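Spelled out from the first residue to the last, the chains are:
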Amino acid sequence: MENATEYQRQIAISLIRSLGIDEAAYFALQNHWEDVLAHMPKGVPSRRAAPRVVHVRAD
């Protein structure tokens, strides 16, 4: 069985592959996954200061 650190590293890799680095970092931040975020490459833009705004179209 893998330890928590390896598990968090695997989650970080999966998020990056699935979403791209920026969205993976945003997802980790929004879900308070600081331990997963710590396994992402250094220099990932932090979006704490700029909350994401989602506009929903009503067509």
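Refer to the structure presented above.
A brief report on the enclosed structure follows. Treat the numbers as computed from the prediction; the structure is a model and nothing was measured. (Residues numbered from 1 in each chain as written. Predicted model: local features only at pLDDT ≥ 70, side-chain atom pairs only at ≥ 80, totals over all residues. Heavy atoms only, no water.)

Considerations on the overall build of the chain
In terms of regular secondary structure, the chain is built from three helices and zero strands. Taken from N to C terminus, the helices and strands of the chain fall in the order α-α-α. Of the contacts formed within the chain by residues at least 6 apart in sequence, a portion of 38% connects residues at least 24 apart. Only carbon and sulfur atoms are counted for the fraction: they give 55% of the accessible area of the chain, which is about 4,700 Å². (Helix = DSSP H or I, 4+ residues; strand = E, 2+ residues; numbered from the N terminus. Contact = heavy atoms within 4.5 Å. Areas by Shrake-Rupley, 256 points an atom, 1.4 Å probe, with all protein chains shown as cover.)

Examining helix H2 (residues 21–30)
Of all the residues in H2, the buried ones are Ala24, Ala25, Tyr26, Ala28 and Leu29. Where H2 is buried, its residues touch helix H1 (4–19) and helix H3 (34–37). Within two residues after H2, His32 carries a phi angle of roughly 60°, on the positive side. (Buried < 20%, exposed > 50% of the residue type's maximum accessible area, 1.4 Å probe, protein only.)

Some remarks on the packing of H1 against H2
At a minimum axis separation of 7 Å, H1 and H2 run at an interaxial angle of 130°. Relative to H2, H1 is oriented oblique. For the element pair H1 and H2, the recorded crossing hand is right-handed. Facing H1, whose interface residues are Leu15, Ile16 and Leu19, H2 presents Ile21, Glu23, Ala24 and Phe27. Here the contact of H1 with H2 is built from residues that sort into six nonpolar, no polar and one charged. (Axes fitted to C-alpha atoms, helices over the stretch in contact; angles between N-to-C directions. Parallel < 35°, antiparallel > 145°, perpendicular 65-115°, else oblique. Left-handed = near helix turned anticlockwise from the far one by under 90°. Nonpolar A, V, L, I, M, F, W, Y, C, P; charged D, E, K, R; others polar.)

Some words on the side chain of Gln8
With respect to the secondary-structure elements, Gln8 resides in helix H1. If sequence neighbours within four positions are ignored, Gln8 has contacts with Asp35, Val36 and His39.

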